[in-house]
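Single-letter residue listing:
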Number of protein chains: 2
Amino acid sequence: MRKTSIVLTALLAASASALIAQASANQAAGRTSPSPLAPSEIVAKAPKADWTGIAASDLLVMDLTPDAKGKPRRVVIQLMPPPFSQGWIGNIRKLAAAHWWDGTAINRVQDNYVVQWGDPNADDKAKAKALPAGLVAVPESAYVTGASNIEVTLALARMAGGHAAELAVIEAQRQMEEQTDGPSVGDPYSIATDFILGWPVAGAIADQKVWPVHCYGMVGVGRDLSPNTGTGAELYTVIGHAPRHLDRNIALVGRVIEGIEFLSSLPRGHGALGFYDLAQGDERTGIVSIRLASEMPTDKPFPAYEYLSTESQSFAAYADARANRRDDFFIRPAGGADVCNIPVPVRRVK
Amino acid sequence: MRKTSIVLTALLAASASALIAQASANQAAGRTSPSPLAPSEIVAKAPKADWTGIAASDLLVMDLTPDAKGKPRRVVIQLMPPPFSQGWIGNIRKLAAAHWWDGTAINRVQDNYVVQWGDPNADDKAKAKALPAGLVAVPESAYVTGASNIEVTLALARMAGGHAAELAVIEAQRQMEEQTDGPSVGDPYSIATDFILGWPVAGAIADQKVWPVHCYGMVGVGRDLSPNTGTGAELYTVIGHAPRHLDRNIALVGRVIEGIEFLSSLPRGHGALGFYDLAQGDERTGIVSIRLASEMPTDKPFPAYEYLSTESQSFAAYADARANRRDDFFIRPAGGADVCNIPVPVRRVK
């Protein structure tokens, strides 16, 4: 803990002033002028150096059967980098290489919750599709990650400093005769949140752990009851308000970066938990194939993608603008934003 | 402020202990046994007395054109009670009584944001549909409401007490040699959140105001730039992660209580802001009619609805279970939940 305390002291002043600035924005009635940039404008103006390329080997490409009008439906998923969820992601790479998902289906669409895909017969031992050899069983301890690399260590330090700054601001409030509304404080689900290597995370300062969070579009691993943690063969993505209660209870492995509308606009299932009820007619959508972009036919060039580096000044300005909307439409900046309301910008490389 | 301070002192102990209990739940590793009830089980077991009926005059019924298979698509919206947004809701009652929306359309579907409906030609003065007489212009000050009734006063007192309790818990943490992870604290968008008369709200203790919040399924009033606040003729509903930055910037008037899937699963628009791009073919969905349930033909009986009273013990148990999932699937209760992840249960009256 000593390490945290030291960093905490070092970061206190800066973080506190940032928070107080946020507080004053929170108090501000009208918008400032001249009209500042909207978050999308900040992203559009971000220098090329602030964007980080995504390796083709970290892109999972899911082709669904064409829609009713014969239009193709492609969903592109970015897999998480180390130190996050690599056990499950290793399994997912093996499943993709084995073409295991080809011919499987989207079996569950629950409104304001998740879309889930995999073997439609997974629960029927007699009909279940055999898994490829070499998949590993990942322990529940892998739902969180310790300070195993510099980015995690720095994020934990930022969280500790930010939290300490919040405590200082709140303590200052306590000493005022009249209570005033302070800056936004904390996260209902953790002591603090942050971004690491382009991904939203929450953290526990006491035991120095961080974990990815269930924001809209994040992709996770379906599982049976504990201690089962899932192989990665059964996947889901979030299509509603962030179900943060799933954090640390289930593995996250990536996020949809293109084509989520082909999942989020699917007809809802009317069986238990939003699974399709075959008695009401089979509304399942077929999966033609799932491949790593690095293993796709080279005769069809696949686009490259990049994300706005969460360590960049552009991202800091974007996150601040998301928390304090000052563009013309807004009359009252919130003074804060939850981690899932600051989606990391991702784009095709021009 | 004196009134708040008194209540604050009175509520401090109870709220603090509740929060500390929540904190210890947050620390807890495994689930408790015997397996406690899931939130849905708590709702199912709630006594009839804990449910509050919704007046037919507070239900807005939107019938869309049938889907591709000829199936009817009906969306039921519950309007907010006083003291919330009554200026806009009065306009909406007039628009429904005038059958003004009949023949209009759903013009915008933006993924992870909103579905919006109204006059497709609203922006074209020459073609725009004339509004009925008697609509009022509502001031921006009506985005928030003061302690105008006992429910708001009590909610503000709870918020003040809860926030004071949080400060006490955090101050206690500060005095510990080693920092530990405390209870979930606050809301990134306000000093505190609560529920009033069945609706999620956020509050400002300093100026004694509360306001409804943009959770999934909430219905709001489209508007032009400030000081315009919209008439109520242009409406939208949230179909993604709660866009809380819109709170206090735009009016909320109700929520979808049935049939939201007919909106959330519509094809996404590909024009600016998710409006349909007619150049890509007209994907707009037609609105056959919007009526108050109390003004619908009596030959077709309309179902009655009720919500789980947010002042009831059942709701308190449900909210606690949402914040501390202890049912079998979960291995780690979050120890908190954001106001939009505690949807108020609504059901048809049996």
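Note that the coordinates shown come from a computational prediction; the quantities given were computed from them, not determined experimentally. Think of each chain on its own: its residues are numbered from 1, step by step along the sequence as written. Throughout, the order in which chains and ligands are written sets their labels, letters from A for the former and numbers from 1 for the latter. Selection of residues for local features in this predicted model requires a pLDDT of at least 70, selection of side-chain atom pairs for listing and counting requires 80 or more, and totals for whole chains, interfaces and linings are taken over all residues. Neither water nor hydrogens contribute to the side-chain values; these are computed over all heavy atoms in the structure.

### A closer look at the overall build of chain A
(1) Moving on: Only DSSP runs of H or I with at least four residues qualify as helices, and only runs of E with at least two residues qualify as strands; both kinds are numbered from the N terminus onward. Helix and strand counts for chain A come out as six helices and 14 strands.
(2) Moving on: Long-range pairs, those at least 24 residues apart, make up 74% of the contacts in chain A with a sequence separation of at least 6. Two residues form a contact once any of their heavy atoms are found within 4.5 Å.

### Topic: the packing of aromatic side chains
(1) Moving on: Aromatic pairs are defined between Phe, Tyr and Trp rings, using the six-membered ring for Trp, whenever the two ring centres lie within 6.5 Å; interplanar angles under 30 degrees are classed as stacked, those over 60 as edge-to-face, and all others as tilted. Under the definition given, this model contains 12 aromatic pairs over all chains.
(2) Moving on: Between Phe315(B) and Tyr318(B), the aromatic rings sit 5.7 Å apart at their centres with planes inclined by 50°, giving tilted as the arrangement. Separated by three residues within a single helix, Phe315(B) and Tyr318(B) lie in helix H6 (residues 313-323), roughly one turn from each other.
(3) Moving on: Residue classification places Phe315(B) among the buried residues on the basis of a relative accessible area of 4%.
(4) Moving on: Between the aromatic rings of Phe329(B) and Phe330(B), the centroid separation amounts to 5.6 Å while the plane-to-plane angle is 80°, which identifies the pairing as edge-to-face.
(5) Moving on: Ring pairs connect the aromatic residues Phe195(A), Phe315(A) and Tyr318(A), which therefore count as one cluster.
(6) Moving on: The ring of Trp100(B) carries the charged tip of Lys129(B) above its face, separated from the ring centre by 5.4 Å.
(7) Moving on: Should the NZ of a Lys or the CZ of an Arg lie within 6 Å of a ring centre and within 35 degrees of the ring normal, that charge is described as sitting over the ring. Arg223(B) extends its terminal NZ or CZ atom over the ring of Phe329(A), reaching a point 3.8 Å from the ring centre. The buried label goes to any residue with under 20% of its type's maximum accessible area, the exposed label to any with over 50%, and the partly exposed label to all in between, with areas taken from a 1.4 Å probe on protein chains only.

### Comments concerning the state of the cysteines
Residues and elements named next belong to chain A.
(1) Moving on: Cysteine sulfur atoms are paired as a disulfide whenever they come within 2.5 Å of each other. Under the criterion given, the structure shown has two disulfides over all chains.
(2) Moving on: Through a disulfide, Cys-215 is tied to Cys-340; the S-S separation comes to 2.0 Å. Between Cys-215 and Cys-340 the sulfur-sulfur dihedral comes to about -75°; the bridge is accordingly left-handed. One end of the pair, Cys-215, is in the loop between strand E8 (209-212) and strand E9 (218-221); the other, Cys-340, is in the loop between helix H6 (313-323) and strand E14 (346-348), with 125 residues separating them in the sequence.
(3) Moving on: By relative accessible area, which is 6% here, Cys-215 ends up buried.
(4) Moving on: In this structure Cys-340 comes out as buried when scored by relative accessible area, which is 8%.

### Regarding the sheet that holds E9(A)
Residues and elements named next belong to chain A.
(1) Moving on: Pairing between strands requires that DSSP locate at least two bridges from one strand to the other. Pairing is antiparallel in the closed barrel, where eight strands are placed in the order E2-E3-E11-E9-E10-E5-E4-E12. For this sheet, the mean inter-axis angle between neighbouring strands, taken without regard to orientation, is 35°.
(2) Moving on: Bridging between strand E2 (residues 59-64) and strand E12 (residues 285-292) involves five bridges; their strand directions are antiparallel. Bridge pairing in E12 links Asp-63 to Ser-289. Lines are fitted to the C-alpha atoms to define the axes, a helix being fitted only along its stretch in contact, and any angle between axes, read from their N-to-C directions, falls within 0 to 180 degrees.

### Overview of the confidence of the model for chain A
Residues and elements named next belong to chain A.
(1) Moving on: What pLDDT conveys is the predictor's confidence in a given residue, as a value from 0 to 100. Looking at chain A, pLDDT values average 85 and 83% of them are 70 or higher.
(2) Moving on: Under a pLDDT of 50 for its full length, residues 1-33 has, in the predicted model, 59 contacts with residues more than four places off or in other chains.
(3) Moving on: A low-confidence stretch, residues 176-185 stays under pLDDT 50, and its non-local contacts, those more than four residues away or across chains, total 37 contacts.

### Looking at the pairing of strand E12 (residues 285-292) of chain B
Residue and element names in this part refer to chain B.
(1) Moving on: With seven of eight residues buried, E12 is to be regarded as a mostly interior element.
(2) Moving on: In the sheet, strand E4 (residues 105-109) pairs with E12 via two bridges, with the strands oriented antiparallel. Bridging across to E12, Ala-105 finds its partner in Gly-286.

### So, the environment of Asn91(B)
Residues and elements named next belong to chain B.
(1) Moving on: Counting through the fold element by element, Asn-91 comes out in helix H3 (residues 86-97).
(2) Moving on: The class of Asn-91 is buried, set by a relative accessible area of 0%.
(3) Moving on: Note: C-alpha distance between Asn-91 and Leu-263 (172 residues apart in sequence) is 23 Å.
(4) Moving on: The residues touching Asn-91, leaving out its near neighbours within four places in the chain, are Gly-134, Leu-135, Val-136 and Thr-231.
(5) Moving on: A distance of 2.8 Å separates a polar atom in the side chain of Asn-91 from the backbone oxygen of Val-136. For the purposes of these results, a polar contact is taken to be a pair of N or O atoms within 3.5 Å, where, inside protein, one atom must be able to donate a hydrogen and its partner to accept one; residues adjacent in sequence count only when each atom of the pair is a side-chain atom.

### Comments concerning the pairing of strand E7 (residues 199-204) of chain A
Residue and element names in this part refer to chain A.
(1) Moving on: Burial within E7 is extensive, with six of its six residues counted as buried.
(2) Moving on: In the sheet, strand E6 (residues 192-196) pairs with E7 via five bridges, with the strands oriented antiparallel. The residue bridging Ile-196 from the neighbouring strand is Trp-199, located in E7.
(3) Moving on: Sheet analysis places E7 next to E8, joined by four bridges and oriented antiparallel. Looking across to E8, one finds that Ala-204 is bridged to Lys-209.
(4) Moving on: Here E7 hands over to E8 after four residues, with Gln-208 in that stretch at a positive phi of 55°.

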